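Summary of the model geometry
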Amino acid sequence: MGRVVALDFGKVRTGIAVTDELQLIASGLTTVLTKDLLKFLKEYFLKENVEKIVVGEPKQMNNEASESELLIAPFLEKLSKVFPQIPIERQDERFTSKMAFQTMIDSGLKKKQRRDKALVDEISATIILQAYLNRI
């Protein structure tokens, strides 16, 4: 089995999480600038066996796509062209940023640490990945 990589895609930064090779545990990997994301993924995929990519799907409360989807759609096209052999799935990402922030509070991070938006993005990607694992 290969790893599953999850992306919390953002206009500026993208949080990345991965599973272990048995696909049991979701862990935060890092946050990268979105402009550098494809380069980062190419390098990571050369080192690791990746079986699937899960990309967060931002939805509004009425279940319609949010405005962020307009940024994600072109990226998904590029992603599927660069990695045609790796399936891409979507996972609802509603409330992940709030859940990530609450996770930071619950784990005892100080206020200054909780302002680290890159850490919020990485934790959000982990929540997206864990929700995906729970769903399959």
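Throughout, residues of each chain are indexed from 1 in the direction in which the sequence is written. This being a predicted model, a pLDDT of at least 70 is required before a residue's local features are given, and a value of 80 or more before pairs of side-chain atoms are given or counted; all residues contribute to the totals for chains, interfaces and linings. Remark: hydrogens and water are excluded; side-chain values derive from all non-hydrogen atoms of the structure.

**With respect to the environment of Lys-42**
We count a stretch as a helix when DSSP gives it H or I for four or more residues in a row; a strand needs E for two or more, and each element gets its number in order from the N terminus. Here Lys-42 lies in helix H1 (residues 37–47). Remark: exposure states derive from per-residue accessible area (1.4 Å probe, protein chains only) relative to the maximum for the residue type, with buried under 20%, exposed over 50%, and partly exposed in between. By relative accessible area, Lys-42 is classed as partly exposed at 44%. Sequence-wise, Lys-42 and Phe-83 are 41 residues apart; in three dimensions their C-alpha atoms are separated by 8.6 Å. Between two residues, a contact is recorded if the distance between any of their heavy atoms is within 4.5 Å. Other than its neighbours up to four places away in sequence, Lys-42 contacts Val-82 and Phe-83.

**What to know about helix H2 (residues 69–82)**
Multiplying 1.5 Å by the helix residue count minus one yields the expected span of that helix. For H2, built from 14 residues, the straight-helix expectation of 20 Å at 1.5 Å per residue is met to within 8% by its first-to-last C-alpha distance of 20 Å. What H2 keeps buried is the set Glu-69, Ile-72, Phe-75, Leu-76 and Leu-79. All buried residues of H2 lie within an arc of 120° about the axis, which places them on one face of the element. The outward face of H2, more than 90 degrees from its buried face, is lined by the exposed residues Leu-70, Glu-77, Lys-78 and Lys-81. Think of it as the arc spanned by the lines of direction from the helix axis to the C-beta atoms.

**Points about the pattern of salt bridges**
Every case where a carboxyl oxygen of Asp or Glu lies within 4 Å of a side-chain nitrogen of Lys or Arg is listed as a salt bridge. Following the criterion strictly, the structure yields 6 salt bridges and no others. In this structure, the salt-bridge partner of Asp-121 is Arg-13, at a minimum N-O distance of 2.9 Å. Of this pair, Asp-121 sits in helix H5 (residues 117–135) while Arg-13 sits in strand S2 (residues 13–19), and the two are 108 residues apart along the sequence. For Asp-121, a relative accessible area of 12% corresponds to the buried category. A salt bridge links Glu-43 to Lys-39; the shortest N-O distance between them is 3.7 Å.

**Focus: unusual backbone geometry**
Even without being a glycine, Gln-23 presents a positive backbone phi close to 60°. Mapped onto the fold, Gln-23 is located in the loop between S2 and strand S3 (26–33). For Gln-23, a relative accessible area of 13% translates into the label buried.

Interpretation in functional terms is not warranted from these geometric data alone.
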